[in-house]
Every structure is written in C-alpha cells, then in structure tokens.
Amino acid sequence: MQKAFRASIFHCLEDPGQHPTSSASEYVEDGLLVVDDGVIDKLGPAADLLPQLADDAELADLRGKLILPGFVDCHVHYSQLDIIAAYGEQLLDWLHRYAYPEEAKFADPVYASEVAEAFLDGMLANGTTTALVFATVHPQSVDAIFDAAARRNLRLIAGKVLMDQHCPEDLSDDPASAYADSKALIERWHGKDRLGYAITPRFALTSSEEQLEAAGRLAAEYPDTWVHTHLAENTEEVEEIARLFPDSRSYLEVYARFGLVRRRSMFAHCLHVDDADRELMASRHAAGAFCPTSNLFLGSGLFDLEAMSEAGVHTGLATDVGGGTSLSMLTTMSEAYKVLHLQGQALPASRAIYLATLGAARALDLDNVIGNFEAGKEADFIVVDPQTHNATARRANSTASIDELLFSLIFLGDDRNVVATYIQGQRT
Ligand SMILES: [Zn+2]
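None of these values were measured; they are calculated from a predicted model.

Take the nonpolar core next. Burial of nonpolar side chains together is a common tendency in soluble globular proteins. Grouped together as the largest cluster of nonpolar side chains are 115 residues, with contacts concentrated most on Y78, F119, L156, L231 and M333. Residue contacts for Y78: discarding those within four places in its chain leaves F106, A112, V115, A116, F119, V133, F134, A135, S141, A144 and I145. By size, the runner-up hydrophobic cluster in this structure holds 19 residues, among which are I157, C291, A360 and L366.

Below is the structure:
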C-alpha cells in the first residue's frame, strides 16, 4: 500500500559536525515522503512526486508542519520511569536510595507490564521511535518491555541487567543464572520482529569477574547482539573501579579484558575517559551515549563530544531516564547544547538532530534500517507542528531558516509539538 505525506521535511545524510552543512542534511520545504509497505520509497519536492503517485495512494496533507525521522534514544532505563526527578544525590547514593528499591518492584510481571506500557506511551508521545533500554535483573521485566514493544511493532533493543555484587540481595543474580537467563532471553527475543537483545551488565562495580566473563562469553557466542553498560559516569565510581581492578589501566580496559568492547557495544556516559580509551573504542567500533540531562542532574560531569568525534567514536544522544530528567529528545538536545557550550564546543541544530537520529542509529549499528529517509529504510517518523502552543508558535513565526526553526523547537518544543508518530508508515 502506497502512502504519501506532504509537509516540510528535514533529515540528515551525514554528520554536520564533520561535513559541510549543505551536504550533511536535506531540507525540502514543500516535500513529499512516499512510503510503500512501511518502507521509505522516495523523498522529493511535492510538485515533482505528486504526479507519480499510484491512483490508490493515500495522501496526507500536512503542510505547515515538519516531518523528521523518529528520534533514537541510545540509553534509557524503562524501570526508572517513576523515579525521575528524585532529589539530591550523586550516582552511587542515588542508586541505593531511589533506583534499586524501585527496580525491586519489577519482580512482579504485572507491575513490569504496566510500567512498560506507560514508558512506551511516553516515548512515542515525545517522538522517540527506537531505544536501547535497560530492564531490571528480572527476566520477566525483559519479557514485559519486549511484549509491549512487539505489539507496537517497534524497533527496540533491551536486556536483563546482570549484577551479582555491591547491590541489594533481592536484586542480585549470579554468574550462572545471569548467563542462562540471558541466553534464554536472546533465544526468545533477539531478531524477533524488529527487536534486538542487549547483554546488559549494569556496570563493572556490580558484576564479579566471573559474571563479566559470562557476559563476554555471551557476547562472543552471539556477535550480533548488543552490549549495553555504563562507563566512567562518576568520579567516585571510577575510583572504586580502580580499587577493584588494580591490574586494568582504565575503567574501559576492565570491559575490554572480558571481550565486552566490540561492534554493537554501547557505553553510557564516557565522562571520565582518556584518549587511549577513546582510541580503543573507535578501533573496536564501540559507541558512546551522551546523556546530558542525567549528567547535569546527578552532577556527574561534562561529555566531551569533540574528543569523541576526533577519535572517531560514534556517539548518540540519550535520555538516561531516570537519572535523566526527561523522555524528550528535544529537551535532551537543548541540554546537550548547554553542556557543549560550557566547554567552548558548538552544537548547531542540524547536528543536534543528527545525534538524535542518523548519528544515534550509527552508534547502534542500525543505520542500514533507520535514522533518515533514504529509500529502503523503515518509515519511522514524526510530525512536528510549531503552532501547537504560544511559545513555539511565536518564535517560529520570526525564524528565517530551517536551522533557526529547528533550534527554536529544540529549546522551546516538547511533546505538544509532536502531533503524530508513525511506525513503519502507520500512525501510533
Ligand atoms: Zn543509565
């Protein structure tokens, strides 16, 4: 079934931070996005493409609105949806005081399903169509998020948290069950519909060497699964890791020793890393998640995007809810701008959009299927309307270019502006 969507259309073709803006993105002011059976067929000026449509094509007239690729969130904890904005701690205390007690509730599959639905509702309302998601230590928490995502036909990656030390007893697994449960979940979910599995050690502090070794064994047995963990978020955490692993040159080297730094490895934060770490990540095709609202909220540090880019490490933006304070990738982009501005680094709107779409898809090694509107990719996209509320409407009316409009939406926009989210060409 052919469908066509007429609107202003913007997407990225390359990283605007590393290519001239003119060739890194494409903007068609009166554009037509043509979708066939859930897949992008073509994009171009409406005047050129309208006469070519099939007689029975379904045409949506969205003039005055803006179509963007769906946002991709590279690191988020669905289980922490209900502890967003919990006051006053840095990482290690915050985990014990807020995150762990909430995660313990996910032993109950009914509770897990209820939160999974609310999380996906929130994600889609904010225009995020793909995410790399931490569940909890309970296998049933992974079933809950995958079940809910499969029903909505989402491209989503998730995994069971592995942790067997320095954590509450009721959230602790062990190396053998971590391996067996993860393996069973991989067999059940990885590659089913649009779902993918991520081997998910929480971080090096909460996994014994035996458990990291088991995670590495899984990563080798299932090379097209993802590895998803945290890296060098907080200085106190980094010092603990140095004490626990005195033989490793750095925090990243701990993961590397166990075969966990590889293509499709995603490391959240990467704040307190050095050039040698970044070079290792780049050479292994591992990626980093930039989580600005979380890094500011937990007082963790400032992400150095320039150093990551210069080293050649793929980076995507991420909300990191519930250490992060918003499911909105627009808000995440605006906080990223501020984090970089503080370090004398620029983030033009087109590059912010890149980090939340094609760049994030590249970081997740999914850019062959999502991230922009190249023909053959899956038609996950959003419709943004600047006119839905006063702040964005007034500012939009005084912008002179697509860059100015996008920048104003990043700072002033929210879920009210995301008026429709489409998954494989179907409105959610
Ligand atoms: Zn996190």
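Let us look at the coordination of the zinc ion. The protein atoms donating to the zinc ion are H75 (NE2), H77 (NE2), H230 (NE2) and D320 (OD), with metal-donor distances spanning 2.1 to 2.3 Å. Its 4 donor atoms give the zinc ion angles of 84 to 170° at the centre, a pattern that matches the irregular case. Mapping the donors of the zinc ion onto the primary sequence gives the spacing H-x1-H-x152-H-x89-D. Linking H75 in strand β5 (residues 71-77) with D320 in the loop between β13 (315-317) and α13 (329-342), this pair joins segments that are 245 residues apart in sequence. When its relative accessible area of 3% is taken as the criterion, D320 is described as buried.

Listed in full, the buried residues belonging to helix α16 (residues 390-397) are T392, A393 and A396. The buried residues of α16 occupy an angular sector of 100° when projected down its axis, which confines them to one face. Turned more than 90 degrees from where α16 packs its buried face, N390 and R394 sit exposed. On its buried side, α16 packs onto α17 (402-412).

This structure, assessed with the given rule, holds 14 aromatic pairs. Taking 5.2 Å as the distance between ring centres and 35° as the angle between the ring planes, the aromatic pair formed by F146 and W189 counts as tilted. On the criterion of sequence distance, the pair formed by F146 in helix α5 (residues 139-151) and W189 in helix α6 (residues 175-189) is long-range, its members being 43 residues apart. A relative accessible area of 0% places F146 in the buried class. Measuring from centroid to centroid gives 5.1 Å for Y337 and F407, while their planes differ by 70°, and the two rings are edge-to-face. With Y337 in helix α13 and F407 in helix α17, the pair connects residues that are 70 residues apart, well separated along the chain. For Y337, a relative accessible area of 22% translates into the label partly exposed. Chaining the aromatic ring pairs together yields one cluster made of F5, F373, F381 and Y422.

For the largest pocket, the calculated volume is near 280 Å³. Looking at the lining of the largest pocket, the elements with two or more residues in it are β1 (2-12), β2 (25-36), β4 (58-69) and α17. Counting residues per element, the lining of the largest pocket draws most heavily on β4, which supplies 4 residues. Here the residues of the lining of the largest pocket sort into 8 nonpolar, 4 polar and 4 charged.

Here we come to unusual backbone geometry. Residue G322 is bonded to the preceding V321 through a cis peptide linkage, with omega at 5°. Mapped onto the elements of the fold, G322 is located in the loop between β13 and α13. One non-glycine residue with positive phi stands out, namely D37, at about 50°. The residue D37 is located in the loop between β2 and β3 (39-45) in this model.

Attention now goes to empty space enclosed by the protein. Within this structure, the stated rule accounts for 3 cavities of 30 Å³ or more. What lines the largest cavity is a set of 13 residues, and nearest its centre among them are H77, L91, L95, H230 and E233. Considering each element in turn, the lining of the largest cavity owes the most residues, 3 residues, to helix α3 (residues 91-104). Here the residues of the lining of the largest cavity are counted per class, giving 5 nonpolar, 5 polar and 3 charged.

Below, the discussion takes up the pattern of salt bridges. Enumeration over the complete set of coordinates arrives at 28 salt bridges. Two residues, E103 and R202, come together in a salt bridge whose shortest N-O distance is 2.8 Å. One end of the pair, E103, is in helix α3; the other, R202, is in the loop between β9 (195-201) and α7 (209-221), with 99 residues separating them in the sequence. Given the relative accessible area of 1%, E103 is considered buried. We classify R202 as buried; its relative accessible area is 1%. For E209, the salt bridge goes to R257, with nearest N and O atoms at 3.2 Å. Taken together, the positions of E209 in helix α7 and R257 in helix α9 (residues 251-257) put the pair 48 residues apart, joining distant regions of the chain. By relative accessible area, E209 is classed as partly exposed at 36%. A relative accessible area of 43% means that R257 is categorised as partly exposed.

The sharpest bend along α3 measures roughly 35° and falls at Y98, with the proline P101 sitting one to four residues further on. Taken residue by residue, α3 has L91, L92, W94, L95, Y98, A99, Y100, E102 and E103 as its buried positions. Buried-residue contacts for α3 involve α4 (109-125), α8 (235-244) and α11 (292-297).

A sheet is described by the order of its strands in space; here 7 strands give the open sequence β3-β2-β1-β4-β14-β15-β16, paired in mixed fashion. On the outer flanks of this sheet lie β3 and β16 (426-427), each paired with one strand and no other. With 6 bridges connecting them, β2 and β3 associate as antiparallel partners. Bridged to L32 within β3 is G44.

Definitions and limits used
Residues numbered from 1 in each chain as written. Predicted model: local features only at pLDDT ≥ 70, side-chain atom pairs only at ≥ 80, totals over all residues. Heavy atoms only, no water. Core = buried A, V, L, I, M, F, W, Y, C linked by side-chain atoms within 4.5 Å. Buried < 20%, exposed > 50% of the residue type's maximum accessible area, 1.4 Å probe, protein only. Contact = heavy atoms within 4.5 Å. Donors = N, O, S within 2.8 Å, 3.2 Å for Na, K, Ca; no water. Tetrahedral: all angles 85-135°; square planar, octahedral: opposite > 155°, others 65-115°. Helix = DSSP H or I, 4+ residues; strand = E, 2+ residues; numbered from the N terminus. Arc of directions from axis to C-beta. Phe/Tyr/Trp six-rings, centres within 6.5 Å; stacked < 30°, edge-to-face > 60°. 1 Å grid on protein atoms, 1.4 Å probe; cavity = no way out; pocket = protein on both sides within 12 Å on 5 of 7 lines; lining within 4 Å. Points joined across faces, edges and corners; volume = space filled by probe spheres on them. Nonpolar A, V, L, I, M, F, W, Y, C, P; charged D, E, K, R; others polar. Salt bridge = Lys/Arg side-chain N within 4 Å of Asp/Glu carboxyl O. Bend = angle between axes of the 7 residues up to and from the residue. Pairing = 2+ DSSP bridges.

None of this, on its own, says anything about what the molecule does.
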